[in-house]
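# Per-entry structural report
Given next are the chains, with one letter for each unit.
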Amino acid sequence: MKKFLALFLTVFMVFALAACGGGNEGANEGENNEGEGTADTGEVKTIRAGIGLNDAHPQYKGLLRFKEIVEEKSNGQIVVETYHSGQLGDDRTMTEALQLGTQEVVIPSTAPLANFVPEFSVFDFPFLFPSEEVADEVLDGEVGQKFLGMLEPQNLVGLAYWENGFRQVSNSKKAVATAADFKGLKLRTMENDLHLEAFRALGANPTPMAFTELFTAMQQGTVDGQENPFATIYLSKFYEVQDHVSNTNHIYSPFVFLMSKSFFDGLNDEQKQIVQDAATEAGQYQRELNREANAQYLADLQEAGMTYTEITPEAHAEMKALVQPVIDKYAERIGQETVQEVYDAIEAASK
Ligand code: TK8
């Protein structure tokens, strides 16, 4: 009997220890998941996503698509709060909030982003991209992805490129048909030194300003004009305070879908894939929306009373020549090799 009892106790201890060991592994897995995120422990993660444009703009419709995909694919493990119209600040302050960990997503233009990673100024070289399609191929290809990698040391993860679009000059003073017409115009630019120097080279009197302050500045006459895609000029109701618009097409402006790196690193592998795929898919949708209505926005601006001036190829060529020294200066500053990679990618995409 004693032998049986001893055998039973031995067998029982073996199974009991095995069960405990599994529990530890489970705990370890939990720790691993903790390190990689908390999906398995059921804790819901919240993404606070802010943009500067209002809820009528394709950028916000794209952000809502991102929210829809992420919340569905994560079964509600990740919740996305969306804030438009600069509710959380302007591009620069929201990007700083990602670095501080007080916000998780912002989708700024590349121009203000160049204050964090100077190399991004290359995408704001005047007359760089010949078309949206070439821009897509370069930005979504090897070169564009290499630039996104430059964001990580700034505690930023670039998940995808979205589209702001080709920028056009508007103002409340006069028709802009040639470079000479820029003379004396007080133009708001984004907070980017290259933009400032390019518009000085065209003869304007540029002022850097956050997008959130722009409408009031035009309304009060602090600035005469600004430059943004037709979509933004129309959907932000700039026609209420601007009389003239020209198709300068002087810069194709990308948006960059940014996530705080500390937040991204806290996701598990499955969640990382979900936010990556959602940013890419929503970006394709946003680009389509942005392009579908672009021609219509110009018609709408004229309908709203703005005078449209067509820039001739000769006038465009003159503007390009005037800004070339600025481009040369920034190409030197960024690094000729890096800039040449972009030029080569554009040439390959243009064939
Ligand atoms: C909105 C900005 C805006 C940009 C600008 O957050 O500042 O003029 O073109 O669209 O990113």
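Throughout what follows, the structure given in this document is the object of discussion. Values in this document were obtained by computation on a predicted structure and should not be read as measured data. (Residues numbered from 1 in each chain as written. Predicted model: local features only at pLDDT ≥ 70, side-chain atom pairs only at ≥ 80, totals over all residues. Heavy atoms only, no water.)

## Observations regarding the packing of helix α5 (residues 132-140) against helix α6 (residues 142-149)
For clarity, the threshold we go by: Working convention: axes come from line fits to C-alpha atoms, limited for helices to the stretch in contact. Angles between N-to-C directions cover 0 to 180 degrees. The numbering of helices and of strands both runs from the N terminus, where a helix is a DSSP run of H or I of at least 4 residues and a strand a run of E of at least 2. An angle below 35 degrees is read as roughly parallel, one above 145 as roughly antiparallel, one from 65 to 115 as roughly perpendicular, and any other as oblique. Between two residues, a contact is recorded if the distance between any of their heavy atoms is within 4.5 Å. Basically, the charged four are Asp, Glu, Lys and Arg, the nonpolar ten are Ala, Val, Leu, Ile, Met, Phe, Trp, Tyr, Cys and Pro, and anything else, Gly included, counts as polar.
With their axes 3 Å apart at the nearest point, α5 and α6 run at an angle of 55 degrees to one another. Taken together, α5 and α6 sit at an angle that is classed as oblique. Contact residues: α5 offers Val138, Leu139 and Asp140, while α6 offers Val143, Gly144 and Gln145. Counted by class, the contact of α5 with α6 contains three nonpolar, two polar and one charged residues.

## Observations regarding the packing of aromatic side chains
Counted only if it meets this: Only centres within 6.5 Å qualify two rings of Phe, Tyr or Trp (six-membered ring in Trp) as a pair; their planes then separate them into stacked at under 30 degrees, edge-to-face at over 60, and tilted for everything else. Burial classification: accessible surface area is computed with a 1.4 Å probe over protein chains only, and a residue below 20% of its type maximum counts as buried, one above 50% as exposed, and the rest as partly exposed.
This structure, assessed with the given rule, holds 14 aromatic pairs. Ring geometry for Phe66 and Phe257: centres 4.7 Å apart, planes at 50 degrees, overall tilted. Remark: Phe257 occurs in strand β10 (residues 252-260) and Phe66 occurs in helix α2 (residues 58-73); sequence separation between them is 191 residues. Each of the two residues, Phe66 as well as Phe257, counts as buried.

## Quick notes on the nonpolar core
Counted only if it meets this: Nonpolar core, defined: a set of buried Ala, Val, Leu, Ile, Met, Phe, Trp, Tyr and Cys residues in which side-chain atoms within 4.5 Å join the residues together.
Ranked by internal contacts, the top residues of the largest apolar core, which has 52 residues, are Phe120, Phe123, Phe125, Phe129, Leu151 and Phe182. Elements supplying a minimum of two residues to this core: α3 (91-100), α5, α6, β4 (156-166), α7 (193-201), β10, α13 (313-334) and α14 (336-350). By size, the runner-up hydrophobic cluster in this structure holds 28 residues, among which are Val70, Ala160, Phe264 and Ala282.

## Digging into the site of the ligand
We count it as follows: Definition of nearness: a residue and a molecule or strand are near each other if at least one heavy atom of the residue lies within 4 Å of the molecule or strand. Two N or O atoms count as a polar contact when they lie within 3.5 Å, although within protein this holds only if one can serve as hydrogen donor and the other as acceptor, and sequence-adjacent residues are included solely when both atoms are side-chain atoms. To measure how exposed things are, a 1.4 Å probe is used in the Shrake-Rupley method; for residues, cover is taken only from the protein chains shown. The split of the chain into domains comes from an automatic or database domain assignment.
The environment of the ligand is made up of Gly52, Leu53, Asp91, Ser109, Asn164, Arg167, Arg188, Met190, Phe211, Asn228 and Phe255. Take Ser109: an N or O atom from its side chain is 2.8 Å from an oxygen atom of the ligand. Taking Arg188, its side chain carries an N or O atom lying 2.7 Å from an oxygen atom of the ligand. Burial of the ligand by the protein amounts to 98% of the accessible area it has alone, namely 300 Å². Classifying every residue of the shell around the ligand by side-chain character gives four nonpolar, four polar and three charged. Mapped onto the domain boundaries, the shell around the ligand takes at least three residues apiece from domain 1 (45-120 + 130-163 + 253-294) and domain 2 (168-252 + 302-350).

## A word on α5
Residues of α5 that are buried: Glu132, Val134, Ala135, Asp136, Val138 and Leu139. Structurally, α5 contributes buried residues whose contacts are with α6, β4, β10, α11 (269-292), α12 (294-303) and α14.

## A few points about the pairing of β4
Filter applied, for reference: Being paired, for any two strands, means DSSP has found at least two bridges between them.
The buried fraction of β4 is high, at 11 of 11 residues. In this structure, β4 lies alongside β10, joined through nine bridges in antiparallel fashion. Each bridged residue has a counterpart across the sheet, and for Trp162 the counterpart in β10 is Phe255.

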